[in-house]
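These are the residues of each chain, in order.
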Amino acid sequence: MTGYKTVFGSLDSFEKGRIEIIDDDPKHYAFSNVFEVASKSKAYEKVAVALNQQYVLEVIRAEGESGWYVCDHDETVLCMDGEVRVEFVKPDETIHKVGTDGSQSVAGVPSGNPMGNVLLRRGHQALLPKHSAYRYSATKTSVLLQQTILGPLTKQRWASICLS
Amino acid sequence: MSTTETTVKSGPANEHGYKSFELGGFQFRRDEFFVHVTWPTGTHLISVDVFLRALQRDCAWNFFYGTVNFDDVIGTINHYGNVDLFAGRFNEAYRTAELDHLENFPSEEIGGTFRAMLDDWTNAGFDPFASPAETDAPWGVKNGDNTKAVTRQRVAANRMVGVKGDERIRSDESGYPINRMFADVPQDEPEVHVEPGYESEIAAFNLFAYLSRSDVTWNPSVVSVVKESLYCPTTEEYILPIVHGNDRVEWFIQLSDFISWDVQDRDSGSPRAKVIMKAGDVAAMPADIRHQGYSPKRSMLLVWENNSADLPALIASGKAPTYPVNF
Ligand SMILES: [Fe+2]
């Protein structure tokens, strides 16, 4: 047995890398760590860790039950640590703001047909299909990475998360 | 023979068994160890393993984003429909001596020539996409081919891997065994409960297990799509066989293990930084740099791209900054 050990990070155990600057500004690399960001976030805050024009990746600390969300475009979510259930409902009527990018909050519980649910553990990625309402629940603190577009719920706090 | 292939200008096999190829003023030939490139103002030798690994990626990625440097002299610049082939373009000394040379070709012409060269120059047993520890050597006189390996289809999901009708997950049965360095990666698939009628919308898969079964290295492939936002994860072992010059910002999310990136100025090659990434780290690669990664153990890297066709012009004209955020 060669016994290769694959190292994944977690909230409990992560080691942040670093930048060795030769001739540049470290801020140009916006270097952060998803577990460190989640360790300092409130439950279900959507904190941007990567931004390319309007496109964003958000780190989410999943803890207990979230509110309901909906979106006018597809999104995806990748579980980086822990265990998170995602429930889906097909709303009876249009509840998303048409033409608005990014995740949108739904007031209360959306009425509609249950579409199903998925249980994500580390490394599992799910589609958050457009126009479907979804919510997260996590019995233990977990870390999600959401692929979406900059929206009303995105929090940008680069100075506090990035190496400088 | 397709029209693409008819534009390939190749000469007969030489004493080593390999055809020669021509693209405008550039000529390419190989011997047992080296590829010889000549252009009107110079000549250059590249070790054939380095050349074929770079050529493989340039072909499979359809010239990728921005610049693919095979080494510090030869490379390509993608203009999405046409491609520059250059010698010394991003090498300060060649530029100063005015020995650099650049010619532009329709993508089909250079792509057809590159694919023919890759197929003719790759011997049986050598897989340019594989880790050097998992393939035979490319050296010697012509000995068969490895067409199956060099013509692999790049994974390109429409919405996400695992969605009904989209790219399939990997398994032993589909020919993707777990890589030796990922033997400890859990293979559990997510629990998916779908109500009738929603089978094409409710989907999840184990990305880490999927990546543990990749048979290639340094080959970002699309697993999920949000409009122009593309997740292009890849498994990395040894050295990135090209030096990638950006024409837009790209992002790395280190999913497992460790990679050290050498970052240089895109145009001059002057060193700017080393970016040392561990599991969970996120870093941007600015739009005016070139970079090359070193991965001591096979690792999982999520390369995140903005595929927007408008970006290179916005950045080149200064309308969009070369780095992603101001703080
Ligand atoms: Fe790159």
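This structure is a prediction, so every number in the text was calculated from the model and none was measured.

Quick notes on the rules
Residues numbered from 1 in each chain as written. Chains lettered and ligands numbered in written order. Predicted model: local features only at pLDDT ≥ 70, side-chain atom pairs only at ≥ 80, totals over all residues. Heavy atoms only, no water. Core = buried A, V, L, I, M, F, W, Y, C linked by side-chain atoms within 4.5 Å. Buried < 20%, exposed > 50% of the residue type's maximum accessible area, 1.4 Å probe, protein only. Helix = DSSP H or I, 4+ residues; strand = E, 2+ residues; numbered from the N terminus. Domains from an automatic or database assignment. Contact = heavy atoms within 4.5 Å. Buried area = accessible area lost by both parts, 1.4 Å probe. Salt bridge = Lys/Arg side-chain N within 4 Å of Asp/Glu carboxyl O. Polar contact = N/O pair within 3.5 Å; in protein donor to acceptor, adjacent residues only side chain to side chain. Donors = N, O, S within 2.8 Å, 3.2 Å for Na, K, Ca; no water. Axes fitted to C-alpha atoms, helices over the stretch in contact; angles between N-to-C directions. Parallel < 35°, antiparallel > 145°, perpendicular 65-115°, else oblique. Left-handed = near helix turned anticlockwise from the far one by under 90°. Nonpolar A, V, L, I, M, F, W, Y, C, P; charged D, E, K, R; others polar. Pairing = 2+ DSSP bridges.

Draft legend 1. Looking closely at the nonpolar core. Residue and element names in this part refer to chain B. One finds Phe28, Phe51, Phe114, Trp261 and Val275 to be the most contacted residues of the largest nonpolar core, which totals 57 residues. In terms of residues, this core owes the most to one element, helix H2 (residues 48-60), which gives six residues. Residues from two domains meet in this core; each of domain 1 (4-150) and domain 2 (210-215 + 217-316) gives at least three. Leaving out residues up to four positions away in the same chain, Phe51 has contacts with Phe28, Val35, Ile46, Phe70, Met117 and Trp121.

Draft legend 2. Spotlight on the domain arrangement of chain B. Residues and elements named next belong to chain B. Assigned domains within chain B: domain 1 (4-150) and domain 2 (210-215 + 217-316). Averaged C-alpha coordinates put domain 1 and domain 2 at centres separated by 22 Å. Each partner contributes to the interface: domain 1 provides 23 residues, whereas domain 2 provides 23 residues. The contact between domain 1 and domain 2 buries some 2000 Å² in all, and 52% of this surface belongs to carbon and sulfur atoms. Looking only at domain 1, the three residues that lose the most surface to domain 2 are Tyr65, Asn69 and Phe90, adding up to 32% of its buried area. Between domain 1 and domain 2 we count one salt bridge in total. A salt bridge links Glu134 to Arg298; the shortest N-O distance between them is 3.5 Å. Here domain 1 and domain 2 share 13 residue pairs in polar contact (both at pLDDT 80 or more) between them. The greatest single-element share of the side of domain 1 that touches domain 2, amounting to four residues, is contributed by H2.

Draft legend 3. Spatial organisation of the coordination of the iron ion. Residues and elements named next belong to chain B. Around the iron ion, the donor atoms from the protein are His244 (ND1), Glu250 (OE) and His291 (NE2), and they sit 1.9 to 2.1 Å away. Between the donor residues of the iron ion, the gaps in sequence give the motif H-x5-E-x40-H. Taken together, the residues span a long stretch of sequence, with His244 in strand S14 (residues 243-245) and His291 in strand S19 (residues 289-306) at a distance of 47 residues.

Draft legend 4. Representation of the interface of chain B and chain A within the structure. Each partner contributes to the interface: chain B provides 67 residues, whereas chain A provides 72 residues. At the junction of chain B and chain A, the tally comes to six salt bridges. The salt bridge involving Lys227 of chain B is made with Asp101 of chain A; its shortest N-O contact spans 3.6 Å. Between chain B and chain A we count 35 residue pairs in polar contact (both at pLDDT 80 or more) in total.

Draft legend 5. Region of the structure containing the packing of H2 of chain B against helix H4 (residues 107-121) of chain B. Residue and element names in this part refer to chain B. Where H2 contacts H4, the two axes come as close as 10 Å, and the packing angle between them is 140°. Between H2 and H4, the crossing angle belongs to the class labelled oblique. Handedness of the crossing formed by H2 with H4: left-handed. Contacts between H2 and H4 involve Phe51, Leu52, Leu55, Gln56, Asp58 and Cys59 on the former and, on the latter, Phe114, Arg115, Met117, Leu118 and Trp121. Taken together, the residues of the contact of H2 with H4 sort by class into eight nonpolar, one polar and two charged.

Draft legend 6. Structural context of unusual backbone geometry. Residue and element names in this part refer to chain B. Although it is not a glycine, Phe63 adopts a positive phi angle of roughly 75°. Positionally, Phe63 belongs in the loop between H2 and strand S6 (67-69). The buried category is assigned to Phe63, whose relative accessible area is 2%. Positive phi, normally seen in glycine, also occurs at Phe64, with a value near 55°.

Draft legend 7. Region of the structure containing the sheet that holds strand S2 (residues 20-23) of chain B. Residues and elements named next belong to chain B. Pairing within the open sheet is antiparallel, and its five strands lie in the order S1-S2-S3-S4-S5. With partners counted over all chains shown, the strands left at the sheet margins are strand S1 (9-11) and strand S5 (42-47), one partner each. Across this sheet, the average inter-strand angle for adjacent strands is 20°, counted without regard to direction. Both strand S4 (residues 34-39) and S5 contribute to a ladder of six bridges, which runs antiparallel. In the strand pairing of S5, Val35 is matched with Ile46. Against the sheet, H2 contacts strand S3 (26-30), S4 and S5, and its axis sits at roughly 90° relative to S5. The sheet strands contacting H4 are S2, S3 and S4, and the helix crosses S2 at an angle near 165°.

Draft legend 8. Examining the pairing of strand S7 (residues 74-78) of chain B more closely. Residues and elements named next belong to chain B. The buried count for S7 comes to five of five residues, which makes it a mostly enclosed element. The alternating pattern of S7 places Ile74, Thr76 and Asn78 on one face and Gly75 and Ile77 on the opposite face, and all of these are buried. The pairing of S6 with S7 spans three bridges and is classified as antiparallel. Bridged to Thr67 within S7 is Ile77. The hairpin formed by S6 and S7 contains four residues between the paired strands. Across five bridges, S7 lies against strand S8 (residues 82-87) in antiparallel orientation.

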